[in-house]
Amino acid sequence: MPERMSPSFAATNMTWNNIFDLSHIGVYGHSFGGGAAAMMCHLDDRVIAGLALDGYFQGDVVTQEFDKPFLMMLAEGHFDQDNASQALWEKITGGAYRAEVTGSTHYGYTDVGILLTHLTPLLSRKTVGFGTIAPKRLIEITNAYEQAFFGIHLQGKNLDSILNLSDLYEEVYFEYKP
């Protein structure tokens, strides 16, 4: 049993080790959850790769070398305005990926943008802080990059699966640093 697993979790009838490979984990999160995903990559050897959706980073991940693959999916302009994201980019030595989506905002990476199109269809997305990109399009882009990234690092798929996505999504600025 991994040392971080609670006794109540371990005591359930299911044998978790037969269902999940707890030595081969990918993590992701949005905002501070993206920062937490980076920290998990930094601290836990079981975590193979991580991804942040417009994450906020602090602590050791921006000051110490970071040797695991990590994808930062960022709102338009976030990278240029955020010293912590730039510092993390420089510290990643295990494969750094950056995708910045034109027209996206921080909250565009949540499901609220989709909900607002149904609840308040007459309000402009930009007015309520969700950018100019259509929510369904941002979800499509996010899903494609997430699946390609984790496919490479958790399933052994070819690196071209993410490098070629820019051909499909012209609104994405993509950079890869091996």
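You'll find the structure just up there.
Residues numbered from 1 in each chain as written. Predicted model: local features only at pLDDT ≥ 70, side-chain atom pairs only at ≥ 80, totals over all residues. Heavy atoms only, no water.

Overview of the overall build of the protein
Step number 1: Each helix and strand counted, the protein has nine helices and five strands in total.
Step number 2: Listing the helices and strands of the protein from first to last along the sequence gives α-α-β-α-β-α-β-α-α-β-α-α-α-β.
Step number 3: Looking at the protein as a whole, 43% of its 178 residues qualify as buried.
Step number 4: When contacts within the protein are restricted to residue pairs at least 6 apart in sequence, those whose partners lie at least 24 apart make up 58%. (Helix = DSSP H or I, 4+ residues; strand = E, 2+ residues; numbered from the N terminus. Buried < 20%, exposed > 50% of the residue type's maximum accessible area, 1.4 Å probe, protein only. Contact = heavy atoms within 4.5 Å.)

Some remarks on the pairing of strand β3 (residues 70–75)
Step number 1: Counting buried positions along β3 yields six of six residues, so the element is predominantly enclosed.
Step number 2: Of the two faces of β3, the one holding Phe70, Met72 and Leu74 and the one holding Leu71, Met73 and Ala75 are both buried throughout.
Step number 3: The pairing of strand β2 (residues 47–53) with β3 spans four bridges and is classified as parallel. Of the residues in β3, the one forming a bridge with Leu53 is Met73.
Step number 4: Two elements, β3 and strand β4 (residues 96–101), share six bridges in a ladder whose sense is parallel. Its bridge partner lying in β4, Leu71 is registered against Tyr97. (Pairing = 2+ DSSP bridges.)

Digging into the pattern of salt bridges
Step number 1: Applying the stated rule across the entire model yields five salt bridges.
Step number 2: Its salt-bridge partner being Arg137, residue Glu140 comes within 3.3 Å of it at the nearest N-O pair. In this pair, Glu140 and Arg137 are both assigned in helix α8 (residues 135–155), three residues apart and thus about one turn of the helix distant.
Step number 3: Its relative accessible area of 38% is what places Glu140 among the partly exposed residues.
Step number 4: When salt bridges with common partners are traced through the structure, they connect Arg98, Glu100 and Glu175 into a single cluster. (Salt bridge = Lys/Arg side-chain N within 4 Å of Asp/Glu carboxyl O.)

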